[in-house]
Amino acid sequence: IFYLLFDLLKLAEQIGANHTTAAIDIIVSTFINLIEQILKKRPNFKVHGGTHEENIALQNIQARIRMVLAYMLAQLLPWSQGRKGSLLVLGSANVDEALRGYMTKYDCSSADLNPIGSISKQDLKTFLRWAAVNLNYPILREIVEATPTAELEPITENYQQSDEVDMGMTYEELSIYGRLRKIMLCGPFSMYQKLVCNWGHLRPSEIATKVKRFFFYYAINRHKMTIITPAYHAENYSPDDNRFDLRQFLYNSKWTLQFEEIDKLAQQLEQKIVDEYTNQQQSNTDTNQQQSNVETNQQQSNTDTNQQQ
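Quick look at the structure, then. (Residues numbered from 1 in each chain as written. Predicted model: local features only at pLDDT ≥ 70, side-chain atom pairs only at ≥ 80, totals over all residues. Heavy atoms only, no water.)

1. Considerations on the side chain of N221
Inspection of the secondary structure puts N221 in helix α10 (residues 204–221). Residue class for N221 comes out buried when judged on its relative accessible area of 10%. (Helix = DSSP H or I, 4+ residues; strand = E, 2+ residues; numbered from the N terminus. Buried < 20%, exposed > 50% of the residue type's maximum accessible area, 1.4 Å probe, protein only.)

Put into structure tokens, the structure is as follows:
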């Protein structure tokens, strides 16, 4: 975290921005103490032995505190500098995180305007690498190479939170899912059919697991798009419910029929692979046996010839 704070300070210095650091530990501790008084139990992070529910709740309260504090600072920062008026709050969630629902509702993704809200993570990285060189902001190289993290869980000797581990999918995969879902109008089954053809490096069952995982999280988090922060529309697969993606926001997260069909097709394809492998092995065995018989016959023929001579 100290390395990240140093990077942010360097970035603020390079672009000529004011930078203020605010620790929210006291506020978080106050909320946790209050919850302990109300529920007679104290929640813990996963790394401290807590359950999944405790771990998520402790992360969410931090994210929401950051949003509340950001709005208060937006109103009072000009006042602290002897200026009139207030500032707009900028959001920081990208289109892939919105699609996956990898954000807390009413957290620091909630703002007045989100400049990157409809830009994919891959495109953002490309732009930052370009800006590091062409706009002379070298610190951006270090920022873009850092492991993406929400920074909401304690760091231990053996654990550091990672976005892609938390999401169960990579940002590159999310961009693919997003384009297939929105631009190609794919549901779970048709997306699986396309990916089976395109992802030859994975087994059909592995692809099935990935597709089902994406649509499960898409379904349970779709409601967050009803309050998504307005963003510059730069990506055709934006899941923004208010402007560009007027679909329902309540889904059956089990996708019962679709997932059943995916499992059936995956099983058929896996069996086909096994059958083809078995047939190939048998063909190789038969070829080797035929070659062995030819060699044996040739040796016998040579022996008979020598005896005749």
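Once the structure has been displayed, the description carries forward.
2. What about the packing of aromatic side chains?
Applying the stated criterion across every chain yields a total of ten aromatic pairs. Considering the side-chain rings of Y177 and W199, the 6.1 Å spacing of their centres and the 55° angle between planes classify their relative orientation as tilted. Taken as a pair, Y177 in helix α8 (residues 171–183) and W199 in the loop between α9 (188–198) and α10 lie far apart in primary sequence, 22 residues in all. For the pair Y177 and W199, one class covers both residues: buried. Taking the ring centre of Y217 as reference, the NZ or CZ of R100 above it sits at 3.8 Å. Its end group placed over the ring of Y171, K121 keeps NZ or CZ at 5.0 Å from the ring centre. (Phe/Tyr/Trp six-rings, centres within 6.5 Å; stacked < 30°, edge-to-face > 60°. Lys NZ or Arg CZ within 6 Å of the ring centre and 35° of its normal.)

3. Some words on α9
What α9 keeps buried is the set P188, M191, Y192 and L195. Buried residues along α9 cover an arc of 100° about the axis, so they all sit on one side. (Arc of directions from axis to C-beta.)

4. Focus: unusual backbone geometry
Of note in this structure, K40 is not a glycine but carries a positive phi near 60°. Examined against the element boundaries, K40 turns out to sit in the loop between α2 (25–39) and α3 (52–80). With a phi angle near 60°, L185 is a residue other than glycine that sits in the positive phi range. Tracing the backbone through its elements, the reader meets L185 in the loop between α8 and α9. The exposure class assigned to L185 is exposed, which follows from its relative accessible area of 65%.

5. So, the packing of α8 against α9
Closest axis-to-axis distance for the α8/α9 pair is 10 Å, and the angle between their directions is 130°. With respect to each other, α8 and α9 are oriented oblique. Between α8 and α9 the crossing geometry is right-handed. Every residue of α9 that contacts α8 at I176, Y177, L180 and R181 is listed here: M191, K194 and L195. Taken together, the residues of the contact of α8 with α9 break down into five nonpolar, no polar and two charged. (Axes fitted to C-alpha atoms, helices over the stretch in contact; angles between N-to-C directions. Parallel < 35°, antiparallel > 145°, perpendicular 65-115°, else oblique. Left-handed = near helix turned anticlockwise from the far one by under 90°. Contact = heavy atoms within 4.5 Å. Nonpolar A, V, L, I, M, F, W, Y, C, P; charged D, E, K, R; others polar.)

6. Observations concerning the nonpolar core
Buried together is how nonpolar side chains tend to be arranged in soluble globular proteins. Of all hydrophobic cores here, the largest spans 27 residues; its most connected members are M191 and F214. With seven residues, α10 is the single largest residue contributor to this core. Setting aside anything within four residues of it in sequence, one finds F214 in contact with L99, M169, L174, Y177, R181 and M191. Of all hydrophobic cores here, the second largest spans six residues; its members include I24, V28, I32 and L58. (Core = buried A, V, L, I, M, F, W, Y, C linked by side-chain atoms within 4.5 Å.)

7. With respect to the packing of α2 against α3
To describe two helices that pack against each other, one gives the angle between their axes and the distance between the axes. Relative orientation of the contacting elements α2 and α3 amounts to 130°, with a least axis distance of 10 Å. With respect to α3, the axis of α2 lies oblique. In this structure, α2 meets α3 at a crossing whose hand is right-handed. Touching I27, V28, F31 and I32 of α2 are L58, I61, Q62 and I65, all from α3. Its residues assigned to classes, the contact of α2 with α3 comprises seven nonpolar, one polar and no charged.

8. Considerations on a nonpolar patch on the surface
A cluster of nonpolar side chains, namely L34, I35, I38 and L39, defines an oily patch on the protein surface of about 370 Å² accessible area. With respect to the helices and strands, the residue I35 is situated in helix α2. By relative accessible area, which is 34% here, I35 ends up partly exposed. (Patch = residues over 30% accessible without salt bridge, like charges linked within 9 Å, V, L, I, M, F, W, Y side chains within 5 Å. Areas by Shrake-Rupley, 256 points an atom, 1.4 Å probe, with all protein chains shown as cover. Salt bridge = Lys/Arg side-chain N within 4 Å of Asp/Glu carboxyl O.)

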